[in-house]
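Letter by letter, the chains look like this.
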Amino acid sequence: MGNQKVLVNNTLLSGNAKVSEPIVDSQGLIKGFIIDNPKGFDVQVDLQHFLLNEENAEENKKLRQTIYDTYKLAAQSVPAFTPLAECVAQTSQHILHSEANKPEGVFSNIIYLENTLKTIDNNLADTLPVVNIAGNPTLPDREISVEVDTDAGHVKTIAKIEQQNKYYLGKDGLWYTTNPLEVITHEIAHACKDLQNLTKAGDFAYESSKKQGITPEDEKRVINFVNQVLLEPRGMSGRDLNSDTAVKPNNATVGNYAPLDAMGIERLKHAPIPNELKSYSQPKVIDFNSHSKNNSHDFTRESSFVHPITLGQLKRELAAFDSEHQQSFVFSRISEVMKGNGFSQKQASYDADLVLC
């Protein structure tokens with residue numbers, strides 16, 4: 001039984017948010033990208049101020065690529081990410097990643113930045129609400145210089161600091177590592193009005209609980225959300241709702257973390273969408289094997305918007321693929337691009353507006 005190979009179904013999400021191609025600068029660094037939501041506003045993600053080391057372009061390039069890949073994975077494989085992004089867009093259409101060198105973990109808040117599109121004669125707001133995610137979602141350990149005076153004299157040493165939430169306490173009493181997908185989803189969820197009390201009273205209650213060493217209710221709701229959409233679908237127990245301030249002891253028992261391999265990602269696609277987000281778009285899982293059986297019918301029906309010359313060329317190119325499965329996959333991708341004609345113009349307009357501060 002243990003040697004038996006696990007069959008991974010080839011499924012796709014349909015009706016989900018799309019992450020645009022990245023916008024890059026002259027050094028090849030990703031400046032940002034767009035979360036193109038099915039309904040409501042889109043969300044602009046800005047990485048321009050997300051730097052580990054201003055002198056090391058390759059290090060920054062690698063980190064920004066990791067952030068981009070994480071958002072793309074979420075949009076393509078987590079059904080609840082789409083309604084979450086639509087919910088956040090009602091509060092803010094901008095997510096800013098900053099302070100990559102922040103040593104104490106990852107935190108988020110809503111800040112207000114100058115609206116660079118504001119002019120004297122238009123009706124735009126003076127400032128824009130921006131979801132600011134500060135810190136490095138990969139949660140690396142930090143080495144910090146420490147200087148102390150002792151009886152023996154002045155001592156300089158290096159302290160290795162474990163970032164907050166690099167590990168979390170599971171409901172089963174074991175400790176688990178976390179990853180950028182869970183960290184980013186957690187922080188984005190803090191900006192969703194259907195998961196949080198985004199009022200002054202809510203902020204006061206949150207801070208009051210923190211001062212008392214109690215996990216705030218808003219924090220519990222976000223932890224529970226991540227449990228439902230990212231951890232429990234992969235067979236994990238999920239995070240303890242009251243463990244927000246818990247710190248992993250050196251001798252803690254570590255549980256087996258379900259990897260985000262092919263099977264892990266497949267399980268994510270079948271994860272539930274919590275009831276709090278039922279009023280937003282609800283992506284569906286499509287079994288690609290059954291979809292390919294209707295390839296000829298789908299091709300005829302979906303190709304009605306294609307210019308006849310383009311259609312003839314497309315049929316010839318698709319004929320080069322040796323299976324209906326491959327043909328269906330390629331045509332579905334082309335269909336998305338052509339049906340979304342105008343997306344390139346939208347992306348170009350975002351590129352011009354990308355500077356937030």
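Here the structure is a predicted model, which means the values were calculated and not measured.

Visitor: How should I be thinking about the overall build of the protein in this particular structure?
Guide: Counting its regular elements, the protein contains 11 helices and 13 strands. Relative to its 357 residues, the protein shows a buried fraction of 41%. Contacts spanning at least 24 positions in sequence make up 70% of the contacts within the protein whose residues lie at least 6 apart. In the form shown here, the protein has an accessible surface area of approximately 19,200 Å², with 51% of it arising from carbon and sulfur atoms.

Visitor: Where do I start with the side chain of D46 in this structure?
Guide: Residue placement: D46 occurs in strand β5 (residues 43–46). Buried and unpaired, D46 has R64 as its nearest opposite-charge partner, separated by 7.0 Å. For D46, the side chain forms a polar contact with the main-chain nitrogen of Q48, separated by 2.8 Å.

Visitor: Teacher, can you tell me more about the packing of aromatic side chains here?
Guide: For any pair of aromatic rings, geometry is given as the distance between the ring centres together with the angle between the planes. The tally for this structure, following the rule as stated, stands at four aromatic pairs. On the basis of an interplanar angle of 80° and a centroid distance of 5.1 Å, the ring pair of F33 and Y68 is categorised as edge-to-face. Placement of the pair is F33 in strand β4 (residues 30–36) and Y68 in helix α1 (residues 57–77), with a sequence separation of 35 residues. Among the residues examined, F33 registers a relative accessible area of 0% and is labelled buried. Judged by centre distance (5.6 Å) and plane angle (25°), the rings of Y168 and Y176 are stacked.

Visitor: I would appreciate a short explanation of α1 in the present structure.
Guide: Relative to the 30 Å expected for 21 residues at 1.5 Å per residue, α1 spans 30 Å between its end C-alpha atoms, a close match to the ideal helical length. For α1, the full list of buried residues reads N60, L63, R64, I67, Y68, T70, Y71, L73, A74, A75 and S77. Of the residues that open α1, the one with a side-chain oxygen 3.3 Å from the backbone nitrogen of E58 is N56.

Visitor: Looking at this model, I keep getting lost on the state of the cysteines. Mind explaining?
Guide: The term disulfide refers to a covalent linkage connecting the sulfur atoms of a pair of cysteines. Summed over all chains, the structure comprises one disulfide. Linked covalently through their sulfurs, C87 and C192 form a disulfide whose S-S length is 2.2 Å. Across the S-S bond of C87 and C192 the torsion is about 95°, and the bridge reads as right-handed. With C87 in helix α2 (residues 81–91) and C192 in the loop between α3 (180–189) and α4 (200–211), the pair connects residues that are 105 residues apart, well separated along the chain. Taken as a pair, C87 and C192 share a single burial class, namely buried.

Visitor: What am I meant to see in empty space enclosed by the protein here?
Guide: Here the idea is plain: a probe the size of a water molecule rolls over the atoms and shows the empty space left. Applying the stated criterion to the full structure yields one cavity of 30 Å³ or more. If you add up the space inside the largest cavity, you get close to 180 Å³. Along the wall of the largest cavity there are 15 residues; nearest its centre are T178, E182, V183, H186 and R239. Mapped by element, the contributors of at least two residues to the lining of the largest cavity are α3 and α5 (217–231). Here the lining of the largest cavity is composed, by residue class, of seven nonpolar, five polar and three charged.

Visitor: Would you mind showing me how to read the pattern of salt bridges here?
Guide: Side-chain pairs of opposite charge can arise whenever the charged atoms involved come near each other. Counted according to the given criterion, the structure contains nine salt bridges. Across the pair K171 and E232 runs a salt bridge, and its minimum N-O distance is 3.2 Å. Placement of K171 in the loop between β11 (167–169) and β12 (175–177) and of E232 in the loop between α5 and α6 (262–269) is noted, with a sequence separation of 61 residues between them. The class of K171 is partly exposed, set by a relative accessible area of 45%. For D244, the salt bridge is made with K210, and the minimal N-O distance between the two is 2.3 Å. Taken together, the positions of D244 in the loop between α5 and α6 and K210 in helix α4 put the pair 34 residues apart, joining distant regions of the chain. Its relative accessible area of 4% is what places D244 among the buried residues. Its relative accessible area of 28% is what places K210 among the partly exposed residues.

Visitor: Can you walk me through the layout of surface pockets in this structure?
Guide: Its volume calculated, the second largest pocket comes out at about 620 Å³. If you go around the second largest pocket, you meet 26 residues; those closest to its centre are S108, N109, H190, D203 and Y206. Elements that contribute at least two residues to the lining of the second largest pocket include exactly β7 (107–114), α3, α4 and α5.

Visitor: I tried to follow unusual backbone geometry on my own but got confused; where do I start?
Guide: Most peptide bonds take the trans form, and the phi angle of most residues other than glycine is negative. With a phi angle near 50°, E99 is a residue other than glycine that sits in the positive phi range. For E99, the position within the fold is in the loop between β6 (94–98) and β7. In this structure, L139 takes a positive phi of about 50° despite not being glycine. Turning to its location among the elements, L139 is positioned in the loop between β8 (127–134) and β9 (142–150).

Visitor: What exactly am I supposed to notice about the packing of α1 against α6 here?
Guide: Any two packed helices are characterised by how steeply their axes cross, that is the angle between the axes, and by the distance between the axes. Where α1 contacts α6, the axes come no closer than 8 Å and their chain directions differ by 55°. One way to sum up the angle between α1 and α6 is to call them oblique. Across from L73, Q76 and S77 in α1, the residues of α6 making contact are I265, L268 and K269.

Visitor: Sorry, what's going on with the nonpolar core here?
Guide: The nonpolar side chains of a soluble globular protein tend to be buried with one another. Within the largest apolar cluster, 53 residues are counted, with the highest numbers of intra-cluster contacts made by Y71, F81, L84, I188 and F225. Contributions of two or more residues to this core are made by β4, β5, α1, α2, β8, α3 and α5. When residues of this core are assigned to their parent elements, the largest contribution, seven residues, is made by α1. Setting aside residues no more than four positions away along its own chain, F81 makes contact with I35, Y71, A74, A75 and I188.

Rules used throughout
- Residues numbered from 1 in each chain as written.
- Predicted model: local features only at pLDDT ≥ 70, side-chain atom pairs only at ≥ 80, totals over all residues.
- Heavy atoms only, no water.
- Helix = DSSP H or I, 4+ residues; strand = E, 2+ residues; numbered from the N terminus.
- Buried < 20%, exposed > 50% of the residue type's maximum accessible area, 1.4 Å probe, protein only.
- Contact = heavy atoms within 4.5 Å.
- Areas by Shrake-Rupley, 256 points an atom, 1.4 Å probe, with all protein chains shown as cover.
- Lys, Arg positive; Asp, Glu negative; His and termini not counted.
- Salt bridge = Lys/Arg side-chain N within 4 Å of Asp/Glu carboxyl O.
- Polar contact = N/O pair within 3.5 Å; in protein donor to acceptor, adjacent residues only side chain to side chain.
- Phe/Tyr/Trp six-rings, centres within 6.5 Å; stacked < 30°, edge-to-face > 60°.
- Expected span 1.5 Å × (residues − 1).
- Disulfide = S-S within 2.5 Å.
- 1 Å grid on protein atoms, 1.4 Å probe; cavity = no way out; pocket = protein on both sides within 12 Å on 5 of 7 lines; lining within 4 Å.
- Points joined across faces, edges and corners; volume = space filled by probe spheres on them.
- Nonpolar A, V, L, I, M, F, W, Y, C, P; charged D, E, K, R; others polar.
- Axes fitted to C-alpha atoms, helices over the stretch in contact; angles between N-to-C directions.
- Parallel < 35°, antiparallel > 145°, perpendicular 65-115°, else oblique.
- Core = buried A, V, L, I, M, F, W, Y, C linked by side-chain atoms within 4.5 Å.

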